[in-house]
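Here's the letter readout for the chains.
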Amino acid sequence: MVTKEFTPFENKVWLSSPTMHGEELEYMKEAYDTNWMSTVGANINEVERLTAEKTGRKYAVALSCGTAALHLAMKVAGVKPGMRVFCSDMTFDATINPVVYEGGVPVFIDTEYDTWNMDLAALEKAFELYPDVKVVVVAHLYGTPGKIDEIRNICEKHGAVIVEDAAESLGSTYKGKMTGSFGTVGVCSFNGNKIITGSAGGCLLTDDEAVYEKVKKWSTQSREDAPWYQHEEIGYNYRMSNVIAGVVRGQYPHLEEHVAQKTAIYERYKESFKDLPVKMNPYDEVNSVPNFWLSCLLIDEDAMCRQVRGEQDALYIGEHGKSCPTEILEALAKCNAEGRPIWKPMHMQPIFRNNGFITREGDGRGRTNAYIAGGKLGKDGRPIDVGADIFHRGLCLPSDNKMTVEDQEKIIEIVKSCFE
Ligand SMILES: *Cc1c(COP(=O)(O)O)cnc(C)c1O
């Protein structure tokens, strides 16, 4: 329970905001000075080259945003109206919306405690229930790689392709390979809050030249090679602007630096919280190197005070020695620091209330409320609905690269004070 008062930060401490360095402006100016102000130019070519090189892919197509890349990825993967598509459940809804744009029907696969990403046992269960599924959309939450090699093996066994959403995990590796390089197609994002940014932008990643050409064509209104506007298939206006590409190009040399800063932030939190009844967002320490885009906390079950969330609001009852995400987020906000609840799982979202949800013990529909009401446990004694549990007990901490050590120490004190 919060017991202390802190003086608010004079400048807001952000969850994750753009960090500029100077080169961005030079490349933007170059676009301006040479009048390559549209969707063709040297910056775009460089972003495609750098992104392919960085992710270890043969090709990257520069697009207006990660969501556009995911949309075209669904078309590459062959999502058709009425098709079931297995999807990560604890992710940002931009992972899922493109499935629905193409008429697909998302079936959500529950989360594992190990990495907060797609649970392998739940995915196996899903294929038992729906053996005909041919597309699986997998995200790497908060920059932490999921067990993507194992997921790929399961998908190969069932003849399914993977759309790999690496929007949050550019620069993270699993078994020595970059995330974004495992899926049949991969996606990254340069949205303003990501590890590097163009203010907007994204890329579709592939090793197939035909896919590269096709996606580039779709993204520029599907114009055929003719003297006039000739169209044989539906197109989109999804190409990246050469001005935006200038920002991304100027950010690329700083990717490793950003990752190092985020790693230091995570390590500092981890060290400082070792005596609190909390854990940091976990990762596979043997096989993965995350980019640590966001640092998160999970409060131990027995250190949770009572917290209830409705669809749009939350209540809690403070208790000595205990806390909850709502209390911590309110304490941070009061001091002009931005935290955020864990991304609310898709199976708990009203818009997807009729979609399937598969846990490691099978069909998980109808169990979410049971968890909240009393904690429905699986055979292993842990909650069946892992996503709901992490959402209930977890939160994202301020993780901005520009946060000073002193700022972070104060954040740490604020969090500690919540458990007094
Ligand atoms: C940010 C994000 C996206 C979307 O990227 P935009 O560039 O904002 O369209 C997709 N998936 C995940 C997991 C994201 O965090």
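Higher on the page you've got the structure.
Residues numbered from 1 in each chain as written. Predicted model: local features only at pLDDT ≥ 70, side-chain atom pairs only at ≥ 80, totals over all residues. Heavy atoms only, no water.

Student: Describe the overall build of the protein chain, with residues and values.
Tutor: If you tally the helices and strands in the protein chain, you get 13 helices and 18 strands. What you see for the protein chain is a C-alpha radius of gyration of 22 Å, in line with the 22 Å of a compact globule of 420 residues. The dimensions of the protein chain, computed from C-alpha atoms along their principal axes, are 75 × 50 × 40 Å. Within the protein chain, contacts between residues separated by at least 24 positions form 69% of all contacts whose residues are at least 6 apart in sequence. Charge-centre separation for the protein chain: the mean point of 46 positive side chains lies 3 Å from the mean point of 61 negative side chains. (Helix = DSSP H or I, 4+ residues; strand = E, 2+ residues; numbered from the N terminus. Rg over C-alpha atoms; globule rule 2.2 N^0.38 Å. Contact = heavy atoms within 4.5 Å. Lys, Arg positive; Asp, Glu negative; His and termini not counted. Charge placed at Lys NZ, Arg CZ, Asp CG, Glu CD.)

Student: Pulling in residues and values, what's your account of the sheet that holds strand β11 (residues 288-289)?
Tutor: Reading across from one edge, β7-β6-β11 is the order of the three strands in this open sheet, with antiparallel pairing throughout. Only two strands of the sheet have a single neighbouring strand rather than two, namely β7 (177-178) and β11. Note: strand β6 (residues 173-174) against β7, two bridges, orientation antiparallel. In the sheet register, Thr173 faces β7, and the bridge partner there is Met178. (Pairing = 2+ DSSP bridges.)

Student: Could you give an account of the site of the ligand, with specific residues and numbers?
Tutor: As a structural note, the neighbourhood of the ligand is formed by 15 residues, with Gly66, Thr67, Asp165, Glu168 and Lys194 the closest of them. Here an oxygen atom of the ligand sits 2.7 Å away from a polar atom, N or O, in the main chain of Gly66. A distance of 2.8 Å separates an oxygen atom of the ligand from a polar atom in the side chain of Asn191. Relative to its free-state accessible area of 380 Å², the ligand is covered by the protein chains to the extent of 93%. (Near = heavy atom within 4 Å. Polar contact = N/O pair within 3.5 Å; in protein donor to acceptor, adjacent residues only side chain to side chain. Areas by Shrake-Rupley, 256 points an atom, 1.4 Å probe, with all protein chains shown as cover.)

Student: Give a detailed account of helix α6 (residues 148-157), specifying residues and quantitative values.
Tutor: Taken residue by residue, α6 has Ile148, Asp149, Ile151, Ile154 and Cys155 as its buried positions. Here the buried face of α6 lies against α5 (120-129), β4 (135-139), β5 (161-165) and β6. The positive-phi residue at the C-terminal boundary of α6 is Gly159, with phi of around 65°. (Buried < 20%, exposed > 50% of the residue type's maximum accessible area, 1.4 Å probe, protein only.)

Student: Give a detailed account of the packing of aromatic side chains, specifying residues and quantitative values.
Tutor: What the rule picks out here adds up to 14 aromatic pairs. With centroids separated by 5.1 Å and ring planes inclined at 65°, the aromatic side chains of Phe108 and Phe352 adopt a geometry described as edge-to-face. Here the residue Phe108 occupies a position in strand β3 (residues 105-109), and Phe352 occupies one in the loop between β15 (340-341) and β16 (357-359), the gap between them amounting to 244 residues. Ring geometry for Tyr142 against Trp343: centres 4.9 Å apart, planes inclined by 75°, an arrangement best described as edge-to-face. Of this pair, Tyr142 sits in the loop between β4 and α6 while Trp343 sits in the loop between β15 and β16, and the two are 201 residues apart along the sequence. (Phe/Tyr/Trp six-rings, centres within 6.5 Å; stacked < 30°, edge-to-face > 60°.)

Student: Requested: an account of the nonpolar core, with residues and values cited.
Tutor: Core analysis: the biggest nonpolar cluster contains 37 residues, and Trp116, Tyr142, Phe190 and Ile342 have the highest contact counts within it. By size, the runner-up hydrophobic cluster in this structure holds 32 residues, among which are Ile265, Met280, Phe292 and Leu332. (Core = buried A, V, L, I, M, F, W, Y, C linked by side-chain atoms within 4.5 Å.)

Student: Describe the pattern of salt bridges, with residues and values.
Tutor: Inspection of every chain in the model, using the stated rule, returns 27 salt bridges. Two residues, Glu233 and Lys217, come together in a salt bridge whose shortest N-O distance is 3.0 Å. With Glu233 in the loop between α7 (209-219) and α8 (242-251) and Lys217 in helix α7, this pair connects stretches of sequence that are 16 residues apart. Residue Glu233 is classed as partly exposed on the basis of its relative accessible area, which comes to 33%. Across the pair Lys402 and Asp400 runs a salt bridge whose closest N-O atoms are separated by 3.0 Å. Note on Asp400: relative accessible area 4%, which makes it buried. (Salt bridge = Lys/Arg side-chain N within 4 Å of Asp/Glu carboxyl O.)

Student: An account of the environment of Thr144 is needed here, citing residue identities and associated values.
Tutor: Mapped onto the secondary structure, Thr144 falls in the loop between β4 and α6. The class of Thr144 is buried, set by a relative accessible area of 5%. Separated by 148 residues in the primary sequence, Thr144 and Phe292 have C-alpha atoms spaced 6.7 Å apart. Excluding residues that lie within four positions of it along the chain, Thr144 makes contacts with Thr115, Asn117, Asn281, Pro282, Tyr283 and Pro290.

Student: Kindly report on the sheet that holds strand β17 (residues 362-363), identifying the contributing residues and their values.
Tutor: Pairing is mixed across the open sheet formed by nine strands, whose spatial order is β1-β9-β8-β5-β4-β2-β3-β16-β17. In this open sheet, the two edge strands, each paired with only one partner strand, are β1 (59-63) and β17. Seen against the sheet, helix α3 (residues 66-77) touches β1, β4, β5, β8 (185-189) and β9 (202-206) and runs at an angle of roughly 170° to β8. Relative to the sheet, α6 contacts β4 and β5, its axis offset from that of β5 by approximately 155°. (Axes fitted to C-alpha atoms, helices over the stretch in contact; angles between N-to-C directions.)

Student: Go over the state of the cysteines with me, naming the residues and quoting the values.
Tutor: For the structure shown, the criterion picks out zero disulfides. Cys324 takes part in no disulfide bond, and the closest cysteine sulfur to it belongs to Cys305, at a distance of 3.5 Å. The thiol of Cys335 is unpaired, and the distance to the nearest cysteine sulfur, on Cys418, comes to 9.2 Å. (Disulfide = S-S within 2.5 Å.)

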